[in-house]
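# Descriptive analysis of the structure
Chain by chain, the residues:
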Amino acid sequence: MTAEPAERLTDIGPPHYERFLPPVVKANYGKWVSHEILQPGVLVHTAESGDKIYSIRAATARLISVPKIRQFCDIADKYCDGHIRWTSRNNVEFLTTKKENVEPIKQAVEALGHPVGGTGNSITNIVHTQGWVHCHSAATDASGIVKAVMDELMDEFTNMRLPGKLRIALACCLNMCGAVHCSDIAILGIHRRPPTIDHDRLRKMCEIPNTVAACPTAAVRPVTIDGNPSVEVIEEQCMFCANCFTVCPSMPLNDPEYDGVSIWVGGKVSNARHEPTFSKLAVPYIPNNPPRWPEVVSAVKNLVTIWTDNARPYERMGEWIERIGWPRFFEMAGIDFQKEHIDDFKHAVTTYKTSAHLRF
Amino acid sequence: MTAEPAERLTDIGPPHYERFLPPVVKANYGKWVSHEILQPGVLVHTAESGDKIYSIRAATARLISVPKIRQFCDIADKYCDGHIRWTSRNNVEFLTTKKENVEPIKQAVEALGHPVGGTGNSITNIVHTQGWVHCHSAATDASGIVKAVMDELMDEFTNMRLPGKLRIALACCLNMCGAVHCSDIAILGIHRRPPTIDHDRLRKMCEIPNTVAACPTAAVRPVTIDGNPSVEVIEEQCMFCANCFTVCPSMPLNDPEYDGVSIWVGGKVSNARHEPTFSKLAVPYIPNNPPRWPEVVSAVKNLVTIWTDNARPYERMGEWIERIGWPRFFEMAGIDFQKEHIDDFKHAVTTYKTSAHLRF
Amino acid sequence: MADKTKASGKLDELKKGPYPSFVKEIEAAAETNKMAHDLIGQLELSYDEKLCHWKHGGIVGVMGYGGGVIGRYSDVPEKFPNVSHFHTLRVNQPAAWFYKTDALRKICDMWEKRGSSVLNVHGSTGDIVLLGTTTPQLEPVFNELTSLGFDLGGSGSVLRTPSCCVGPARCEWAMYDTLKYAYEMTMRYQDELHRPYFPYKFKFKFAGCPNDCVASVARADMSFIGTWKDDIQIDQDKVRWYAEERKVDIEDVVVERCPTKCMAWDGKELFIDNRNCARCMHCINVLHLALKPGKDRGCTIMLGAKAPILEGAQLSSVLVPFMRMAPPYGEDEATAEDLPELIDNIWELWGEEGKNRERVGEFIQRIGMGNFLDAIGLEPQAEMVAHPRTNPYVFYDLGKDEEEEEDE
Amino acid sequence: MADKTKASGKLDELKKGPYPSFVKEIEAAAETNKMAHDLIGQLELSYDEKLCHWKHGGIVGVMGYGGGVIGRYSDVPEKFPNVSHFHTLRVNQPAAWFYKTDALRKICDMWEKRGSSVLNVHGSTGDIVLLGTTTPQLEPVFNELTSLGFDLGGSGSVLRTPSCCVGPARCEWAMYDTLKYAYEMTMRYQDELHRPYFPYKFKFKFAGCPNDCVASVARADMSFIGTWKDDIQIDQDKVRWYAEERKVDIEDVVVERCPTKCMAWDGKELFIDNRNCARCMHCINVLHLALKPGKDRGCTIMLGAKAPILEGAQLSSVLVPFMRMAPPYGEDEATAEDLPELIDNIWELWGEEGKNRERVGEFIQRIGMGNFLDAIGLEPQAEMVAHPRTNPYVFYDLGKDEEEEEDE
Ligand code: SRM
Ligand code: SRM
Ligand code: SRM
Ligand code: SRM
Ligand code: SF4
Ligand code: SF4
Ligand code: SF4
Ligand code: SF4
Ligand code: SF4
Ligand code: SF4
Ligand code: SF4
Ligand code: SF4
């Protein structure tokens, strides 16, 4: 008899998490009572039962190779009964019930070039996106800037001496994949030239009504070019969001001269103390300068430094700025306050200073 | 010789204030160093020179008759060398350098039916507008409600036992003449029926483009009625602002059944402590119930009472509510939170609760 | 027809109670005045019907002026012929509402004769509002007023009557001369006040300190709010006196209420970190015998307040963080000498590009504050915003880069 | 043509420094993988030209699914033929990103063979992102994945892959079972996850407590944030231990940082006015050995977060202030049993009335939150707003009055 073709599986969903939970987790699921950070990157959680689990957290570049994952698996097999997890910020965590495994794990992971840290009041991994590695939309690279910035800030990953947590994120375009818009420091790739239109391709590839509707500022208008329907862009009305390009590939905005990076500060997500809040524009534009974007690195470093030196304990970047006021922040950061900093989109009026609460 | 016709004076502007300043003011202009409130309604200001000026402040209905002004003048002539002023909230002030005149002035003014008070942490006069006495736009009367509310709150005008200042204002329509939108308690006349259109008159009286442009929600559209240009109102899109009526008299909104009053809380103007802020909707609608609007009176009284009983010293209404949170406020005020309380105009999204900061 | 001098029915109820009764006022006027008399009648009708009985105002005025008079007609003139016309005149008040009785009495005499004998002291903008007269009386009223030294205030799309707090005339906190500026600006702009040529109304208000006793931030297109730059003056003995004699809980009612938490009190000394003081006035208000504002004084100019029509209400927002209002003027600082140019630039831009019935605040919203500043020639400053933008929809100014490139 | 396995030039610089190098990762993959090899080449070109070299993605996918694959083509295929196709697959991660090495190794083996040997662990939504393969490989990859027990995640206008914080698996603060809900909701809505029928994407994220370690409030259309209703549990001895042994300045770092200022510390006892506690977690975070959340637990459901496109970014806002997530369920309270209906109602309304590419948050903005609540059958609650409206542009619901009248 010939073998029946195997049924094509669909809609099976992800593996059930229980398949992957360490036994100590299953036994103490929902019964953890406390945690302590033993050293940067090393947590211990204790359960009602008295059971303990040690987590050793290490940085990854998020973009990771099959060989590296296998090396991680080797460590996890050796010390963690094959258990491993990743965090919501793309750090890897090795989990063990044996305290004596902590140092060997740490050494093994660091030997692979993955520093242990990112816990407590530190700078943990940078949430980021695809950049030139995979996305068509990217106004800058992601991994490269992240690497350059983290190289500079590594001491704050492996130490816990900051006033509070500091979350950095990067998105390579205004689509802002990731929680970039609510980060202590956000690095954002930006275009600064209106789309160029390839009318020929546009005719074949794009739906004109969708393209017109895609523009938040109504800069895209239907026109007839050489007897064919197409679109035009009122350049003064374009603020380079690339949303037209998202729906219509024939309107690219990429421009090696004018693309670059903007830096935003003071956002947060947790409810701790201050409510969650968006990041605000600090540095309107820095040109792309691969491979190490030195101007971006030093701008970020500067922000980290002035915050570290001046914030009170547990004050996140935005909480600190709110206390000292934005004018003082600009002064301390040495950033020139410009037209670009002033909102002019829909709710701009709600960002104006409507009191005489000023400091001199 | 015949007398030359007197030249018609124009653009002379108001009398120079120096003509009317009391001598002690002129002598100490800009040199006042301190003040004290001697009793409710009685202030004394002391100058560098040691000179003093006593001000006795009394309520007026703002709408005032020629005979009454003459009576005030009599008092001012008798005790104040003819000097008198009004405040920015329509209280009258009698000014004297003689301490011994304070009590006689007080008695004389009160004898005319004008209680002395309104200073310090009290409820001072209600800023208000024309209502049925003079305006065509009025969705309610102004003077009548003010009278009824102040009759109820008079003890708080003549005492200074409140946590902070409490400013009440009333506007008889959404035009909001006065600083109604930034008051601790604002009483606002509202329509709740779309305009009725008199097409015949409209044709003669109104410019159609202006009328269409006047509508904030684009509910007014040009149409042709019996061959003549006119407008129609998309009723679902009307939120009863009466702005169309302002530019086009043939679109009245008045409606004895559906007009009435809404109550707003927590606004302020001063920069003291909290920044200036708008009042927020508390009671969406109370029908007009002349002559004494008992439901409005008791709603206001209730707001004053819960604030008085619960606010900390110097906490204005809005500062108190911000501390306890809006859900608690609605609970304490016994006001049902409704759809109407939720903003749905332009910046509505900025008023949503975007955190898990909740109290239970 | 209603021909009684006294209110009755519903209105009668409003003669009771401790607060001054507007009904009694109208009655008092009605004793000698027919218009006031019919006003009672029409008002009673409104009270009975819960309906306003005034028609949408027509355009009436005095010769050569485009404002100052609000036309008003009864929609039941047959019932109340004496208020069939019932126009108001707005009379420009003297700065800070100081009067001598002789001037007031003359206005009263005139108004008893030529109007309703009823007035508002004052209107919400600050004018003396003469409530109700007929068209033929407008010109005589105007002539009598000017001969008494008074002039009309604003209405319509003009500069509205400026107003100011009592300021240096009777307040220790006036950081600049509010009366002087209210008066001088009113005089300088008489033409703009009387002849409509703006897209819409424009209001100035002058408050001597951040307490803003004329509610300027909420009601004036351009608000001038006094403030100071240097340190709050502290008399520590007096602070202790407050704590000890007046039993003021300084920690609770002062330190804890400070919006920037820049104060400390150890039971003996009050410490203020002045660099972080937001100039809110609270501590000074409460401990006024012990604390005083600094000596380096001026004002913050704020722009754009308005009521809700059309695009929603706005508070004014910072335009000039600090302007010195009296000499000696230093270099490199904004001073009152810059005011005329600043105002001209704003009016010119708004006058040319503002839409009909678009307040300056709405105009700024529409064109963007950055563009507005560019156009009037002011540098953007961080003080102008509560916070920088959160949205990335930035109209980058490429001209700048290109210029820089050319420079290279 | 660029046929080197190792990076050089600009990219080489990114192999230096202490932070893990993505260049080294791609190099490691490139040792055995041609796609990774050409990826280096194309990336170097991008670094040289400051330009991205991917074309706008075409529509590719696996049979029967409308999402899970992002099509990607090189715009320089002649130079880098091995990445001329370079599609990613999004693989639905196990809840909270726990793995066993055997499963991971199998994915690696498959991806080394059928893809680029490069992946993202994880993508921003939470998926395992398999970075780059060719169209013909898509179906085989999918079949191998499912045979390993994995399935694709979402892309396009579908329910996106839900994600959750580590929660009860390793955190003492999980107020409900985040893994269970992430898993169950993913399973319940497999169809919505794989077949686009929404106006646009829709994301669920589950955070066990207000610390929100999955950033749900900023990134999920529907965020489930654990919280509690009763009093914070205090161990006063441990509080004192913090003060004495750990030298924590409780007044400064705890009491003073409390957003509602509802705490007091007299050096011996820590007092919390729980009715005014906003459940922010700060004091618990800092004094975690002494304080614990209350015992009456559930979650707050928030709706509407999104990135800026089109109408600007939004944070989620409160939809259900408190939902109990595990039995016993009381009467008159929102419980997890209401969830399916709630979600159905939202999707139905938004599905029918939402515009193309309009996120649910933008949809609510457009139709008004009040109308939205009406339509999905939820009562408005004061918890849903930061503050009630300030503008008087109210669409009064007259139906209500008319009904009331009819009732009379
Ligand atoms: C592992 C992880 C959850 C997961 O499912 O993967 C996690 C785990 C813990 N978080 Fe978190 N958080 C994790 C991402 C987050 C995020 C999300 C993000 O950054 O994108 C946030 C919100 C950040 C924000 O507000 O922008 C977050 C805000 C917090 C906070 C609040 C911090 C604050 O003051 O605002 C705490 C409380 C604390 O640390 O005391 C917290 C506390 C904790 C605790 C102590 C909870 C516990 O008892 O186990 C865990 C160890 C924290 C540490 O690293 O010191 N966790 N935590 C995530 C680790 C990310 C990483 O690799 O660095
Ligand atoms: C006379 C008047 C100015 C004028 O030119 O007419 C005035 C006069 C004074 N005000 Fe005022 N304020 C006057 C309207 C205002 C207004 C405007 C308004 O209400 O429309 C405000 C803003 C109100 C708001 O925020 O909504 C105002 C907010 C203040 C404050 C700040 C109060 C606060 O805590 O928010 C102070 C400080 C204080 O009282 O300690 C103040 C303080 C004062 C002082 C003590 C100033 C002084 O040293 O002379 C004066 C006596 C106050 C009193 O009544 O106890 N004045 N004051 C106004 C009297 C109105 C009335 O008849 O009641
Ligand atoms: C008389 C007065 C009310 C009062 O009882 O005191 C008044 C009365 C009228 N106002 Fe006003 N406004 C008066 C001060 C105000 C103020 C307060 C202020 O100036 O400080 C405001 C709010 C601040 C502002 O300017 O925004 C105000 C905001 C309005 C508006 C809304 C303007 C806006 O941009 O939102 C309108 C509607 C309009 O302009 O079409 C308006 C329109 C009107 C009209 C002309 C009615 C109309 O629709 O055309 C009213 C004539 C009533 C009458 O029959 O006498 N009135 N009006 C005040 C002027 C007296 C005076 O000169 O002293
Ligand atoms: C792969 C990933 C970035 C990453 O490197 O991790 C990603 C990549 C893309 N995102 Fe995203 N988004 C990714 C998570 C996000 C997130 C974060 C999240 O889900 O937590 C957001 C912000 C939250 C949100 O949903 O608003 C996000 C907001 C967007 C948007 C803006 C949506 C908006 O409403 O504002 C777009 C534009 C669009 O949908 O047209 C977008 C579009 C895209 C596209 C499909 C490009 C496009 O214009 O069509 C990107 C494909 C890149 C590629 O070639 O692989 N991506 N995207 C993330 C998905 C991996 C995964 O499944 O785990
Ligand atoms: S942020 Fe923009 S460029 Fe970067 S991955 Fe997302 S869509 Fe692509
Ligand atoms: S980039 Fe954005 S603003 Fe510019 S035309 Fe395209 S959609 Fe419109
Ligand atoms: S608030 Fe409205 S009704 Fe009242 S006076 Fe002003 S415009 Fe007239
Ligand atoms: S009342 Fe206001 S919303 Fe209604 S039609 Fe007139 S202008 Fe438009
Ligand atoms: S605003 Fe300031 S200066 Fe003017 S009266 Fe009020 S307290 Fe005095
Ligand atoms: S003026 Fe206000 S901000 Fe300044 S110290 Fe006093 S209370 Fe604080
Ligand atoms: S969100 Fe709360 S429950 Fe979840 S991991 Fe973070 S701290 Fe723990
Ligand atoms: S959880 Fe937050 S709000 Fe509640 S008491 Fe602690 S610090 Fe205050």
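Residues numbered from 1 in each chain as written. Chains lettered and ligands numbered in written order. Predicted model: local features only at pLDDT ≥ 70, side-chain atom pairs only at ≥ 80, totals over all residues. Heavy atoms only, no water.

### Comments concerning the coordination of the iron atom of ligand 3
- Protein coordination of the iron atom of ligand 3 rests on one atom only, C177(B) (SG), at 2.3 Å.
- Mapped onto the elements of the fold, C177(B) is located in the loop between β7 (168-171) and β8 (185-190). (Donors = N, O, S within 2.8 Å, 3.2 Å for Na, K, Ca; no water. Helix = DSSP H or I, 4+ residues; strand = E, 2+ residues; numbered from the N terminus.)

### What to know about helix α4 (residues 101-114) of chain D
- In a regular helix each residue adds 1.5 Å, so 14 residues correspond to 20 Å; α4(D) covers 20 Å between its end C-alpha atoms and thus fits that length.
- Along α4(D), the residues that are buried comprise T101(D), A103(D), L104(D), I107(D), C108(D), M110(D) and W111(D). (Expected span 1.5 Å × (residues − 1). Buried < 20%, exposed > 50% of the residue type's maximum accessible area, 1.4 Å probe, protein only.)

### A few points about the sheet that holds strand β7 (residues 128-133) of chain C
- If you walk across this open sheet you meet the five strands as β4(B)-β6(C)-β7(C)-β4(C)-β2(C), and the pairing is antiparallel. Looking along the sheet, the strands with just one partner apiece sit at the ends: β4 (63-65) of chain B together with β2 (69-70) of chain C.
- Note that β4(B) and strand β6 (residues 118-121) of chain C share three bridges and pair antiparallel. The residue bridging L63(B) from the neighbouring strand is N120(C), located in β6(C).
- Sheet strands in contact with helix α4 (residues 101-114) of chain C are β4 (87-91), β6 and β7 of chain C, and its direction is about 20° off that of β7(C). (Pairing = 2+ DSSP bridges. Contact = heavy atoms within 4.5 Å. Axes fitted to C-alpha atoms, helices over the stretch in contact; angles between N-to-C directions.)

### A short note on the interface of chain A and chain D
- Counting residues at the interface gives 117 residues for chain A and 124 residues for chain D.
- Across the chain A/chain D interface, buried area totals approximately 10100 Å², and carbon plus sulfur atoms make up 61% of it.
- When the buried area of chain A at its contact with chain D is split by residue, R8(A), W132(A) and H134(A) rank highest and sum to 8% of it.
- Joining chain A to chain D, the criterion identifies ten salt bridges.
- With a shortest N-O distance of 2.4 Å, K68(A) and E25(D) are connected by a salt bridge.
- For the interface between chain A and chain D, the tally reads 64 residue pairs in polar contact (both at pLDDT 80 or more).
- In terms of residue count, the dominant contributor to the side of chain A that touches chain D is helix α2 (residues 66-79) of chain A (nine residues).
- Of the residues that constitute the side of chain A that touches chain D, the class distribution is 58 nonpolar, 38 polar and 21 charged. (Buried area = accessible area lost by both parts, 1.4 Å probe. Salt bridge = Lys/Arg side-chain N within 4 Å of Asp/Glu carboxyl O. Polar contact = N/O pair within 3.5 Å; in protein donor to acceptor, adjacent residues only side chain to side chain. Nonpolar A, V, L, I, M, F, W, Y, C, P; charged D, E, K, R; others polar.)

### Some words on the coordination of the iron atom of ligand 1
- From the protein, the iron atom of ligand 1 takes a single donor atom, C213(D) (SG), 2.3 Å away.
- Here C213(D) lies in the loop between β9 (204-207) and α8 (216-219).

### Looking at the domain arrangement of chain C
- Splitting chain C by domain gives domain 1 (10-147), domain 2 (163-227 + 299-376) and domain 3 (233-292).
- Inter-centroid distance (C-alpha atoms) of domain 1 of chain C to domain 3 of chain C is 48 Å. (Domains from an automatic or database assignment.)

### What to know about the pairing of β8(B)
Residue and element names in this part refer to chain B.
- Burial runs high along β8: six of the six residues are buried.
- When β7 meets β8, the two strands line up parallel, connected through four bridges. Bridged to I168 within β8 is I185.
- Of the strand pairs in this sheet, β8 and strand β11 (residues 260-265) are connected by six bridges, and their pairing is antiparallel. The residue of β11 that forms the bridge with A186 is W264.

### Some words on the packing of helix α2 (residues 66-79) of chain B against α4(C)
- The geometry of α2(B) relative to α4(C) is characterised by a closest axis approach of 10 Å and an angle of 160° between their N-to-C directions. Taken together, the axis directions place α2(B) and α4(C) in an arrangement best described as roughly antiparallel. Considering only the axes of α2(B) and α4(C), their crossing is left-handed. Here V66(B), I69(B), R70(B), C73(B), D74(B), A76(B) and D77(B) of α2(B) lie close against α4(C), whose contacting residues are T101(C), L104(C), R105(C), C108(C), D109(C), W111(C) and E112(C).
- Counted by class, the contact of α2(B) with α4(C) contains seven nonpolar, one polar and six charged residues. (Parallel < 35°, antiparallel > 145°, perpendicular 65-115°, else oblique. Left-handed = near helix turned anticlockwise from the far one by under 90°.)

### Some details on the site of ligand 5
- Within the structure, ligand 5 sits among T129(A), Q130(A), C135(A), S137(A), A138(A), A171(A), C172(A), C173(A), N175(A), M176(A) and C177(A).
- Here the residues of the shell around ligand 5 sort into seven nonpolar, four polar and no charged. (Near = heavy atom within 4 Å.)

### Some remarks on empty space enclosed by the protein
All names here are of chain D.
- A complete count under the given rule lists 16 cavities of 30 Å³ or more for this structure.
- By volume, the largest cavity amounts to about 110 Å³.
- Residue lining of the largest cavity: 17 residues in total, with C258, P259, C277, C280 and C283 positioned closest to the centre.
- Per-element accounting of the lining of the largest cavity gives the leading share, three residues, to helix α11 (residues 282-286).
- Class assignment for the residues of the lining of the largest cavity results in 14 nonpolar, two polar and one charged. (1 Å grid on protein atoms, 1.4 Å probe; cavity = no way out; pocket = protein on both sides within 12 Å on 5 of 7 lines; lining within 4 Å. Points joined across faces, edges and corners; volume = space filled by probe spheres on them.)

### Quick word on unusual backbone geometry
All names here are of chain C.
- For the bond from I309 to L310, the omega torsion is 10°, close enough to zero to count as cis.
- Tracing the backbone shows L310 in the loop between β15 (297-303) and β16 (317-323).
- A cis amide bond, omega 0°, links P327 with the succeeding residue P328.
- Summarising the element assignment, P328 is placed in the loop between β16 and α12 (339-353).
- Its identity as a non-glycine residue notwithstanding, S117 has a phi of 70°, on the positive side.
- With respect to the helices and strands, S117 occurs in the loop between α4 and β6.

### What about the state of the cysteines?
Residue and element names in this part refer to chain A.
- Scanning the model with the defined rule gives two disulfides over all chains in all.
- Here C206 engages in a disulfide with C248; their sulfurs sit 2.2 Å apart. Disulfide C206-C248: the torsion about the S-S bond is 75°, which places it as right-handed. With C206 in the loop between α5 (199-205) and α6 (208-213) and C248 in the loop between α7 (243-247) and β11 (260-265), this pair connects stretches of sequence that are 42 residues apart. The pair C206 / C248 is uniform in exposure class, with both members buried. (Disulfide = S-S within 2.5 Å.)

### Let's talk about the interface of chain B and chain D
- On the side of chain D, 53 residues touch chain B, which itself brings 51 residues to the contact.
- In total, about 4900 Å² of surface goes out of reach between chain B and chain D, with carbon and sulfur atoms giving 62% of it.
- Per-residue buried area on chain B facing chain D is highest for K339(B), Y352(B) and F360(B); these three make up 16% of the total on that side.
- Here chain B is connected to chain D by four salt bridges.
- Scanning the region where chain B abuts chain D turns up 16 residue pairs in polar contact (both at pLDDT 80 or more).

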